[in-house]
Amino acid sequence: GAVVSQHPSWVICKSGTSVKIECRSLDFQATTMFWYRQFPKQSLMLMATSNEGSKATYEQGVEKDKFLINHASLTLSTLTVTSAHPEDSSFYICSARDEGGLAALGGYEQYFGPGTRLTVT
Amino acid sequence: QKEVEQDPGPLSVPEGAIVSLNCTYSNSAFQYFMWYRQYSRKGPELLMYTYSSGNKEDGRFTAQVDKSSKYISLFIRDSQPSDSATYLCAMRGSARQLTFGSGTQLTVLP
């Protein structure tokens, strides 16, 4: 299957600082990428849908000014957590949609990155 | 009520057991059904997928979908310690957004 990478895999930052997380589709182009947040022993919560060349669409309750998303190319989306606080500590996972994916899934498939563990002290 | 309900477990079984994981859903528009496996501190990986109702088998894994009951299952035969992970059901309709279950944490004891 296709590969999605994330960087960094783990980051610790101080409260009040900003952190940028990169998500890359390595062997396919992704017009659409997704950012999820996952708390321990809980499922993935969709934060926003990132579309190349346009503004991201945020889910209800997600602060767009706090979680800045940039999808500047077909292989790269970034999530910047601004003015991070301890409650922002979580596992952030990106996903990229491969439009040339499995026909049995309607022609596209979502591939997930390995996740980034953010700890805000 | 959540659109997708999944028993969070945790579920602990001995090696070699048959494991049954289940999800129910309320949205009749869902057409594509998937099971993802997520190891600790890793991203989810697609394990099985089915379209509409029916069964699909891949090695030790069988996915079943019963759209009339809005119920999907994943069976793991001859479970191995390496199967220990969290299993997430996911589904979508013509809208391209996945809806996930809460995940079931499985431990297979050697």
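The coordinates are above.
Quick caveat, the model's predicted, so the values are computed rather than measured.

Parameters and conventions
Residues numbered from 1 in each chain as written. Chains lettered and ligands numbered in written order. Predicted model: local features only at pLDDT ≥ 70, side-chain atom pairs only at ≥ 80, totals over all residues. Heavy atoms only, no water. Phe/Tyr/Trp six-rings, centres within 6.5 Å; stacked < 30°, edge-to-face > 60°. Helix = DSSP H or I, 4+ residues; strand = E, 2+ residues; numbered from the N terminus. Buried < 20%, exposed > 50% of the residue type's maximum accessible area, 1.4 Å probe, protein only. Contact = heavy atoms within 4.5 Å. Salt bridge = Lys/Arg side-chain N within 4 Å of Asp/Glu carboxyl O. Polar contact = N/O pair within 3.5 Å; in protein donor to acceptor, adjacent residues only side chain to side chain. Nonpolar A, V, L, I, M, F, W, Y, C, P; charged D, E, K, R; others polar.

Colleague: Pulling in residues and values, what's your account of the packing of aromatic side chains?
Modeller: Inspection of every chain in the model, using the stated rule, returns 11 aromatic pairs over all chains. Their ring planes at 45 degrees and their centres at 5.6 Å tell us that Tyr36 of chain A and Phe112 of chain A sit as a pair that is tilted. Separated by 76 residues along the polypeptide, Tyr36 of chain A in strand E4 (residues 32-38) and Phe112 of chain A in strand E10 (residues 109-112) bring together distant segments of the chain. With respect to class, Tyr36 of chain A is no different from Phe112 of chain A; both count as buried. Consider the rings of Tyr36 of chain A and Phe100 of chain B, whose centres lie 5.8 Å apart with planes at 90 degrees: the pair is edge-to-face.

Colleague: Which residues make up the interface of chain B and chain A, and what values go with them?
Modeller: Bring the parts together and some accessible area is lost; that lost area is often taken as the interface size. With 21 residues of chain B at the contact, the number on the chain A side is 25 residues. Taken together, the links from chain B to chain A amount to 0 salt bridges. Seen at the junction of chain B and chain A, the total is 3 residue pairs in polar contact (both at pLDDT 80 or more). No other element matches strand E4 (residues 32-38) of chain B, which puts 4 residues into the side of chain B that touches chain A. For the side of chain B that touches chain A, a count of residues per class yields 11 nonpolar, 6 polar and 4 charged.

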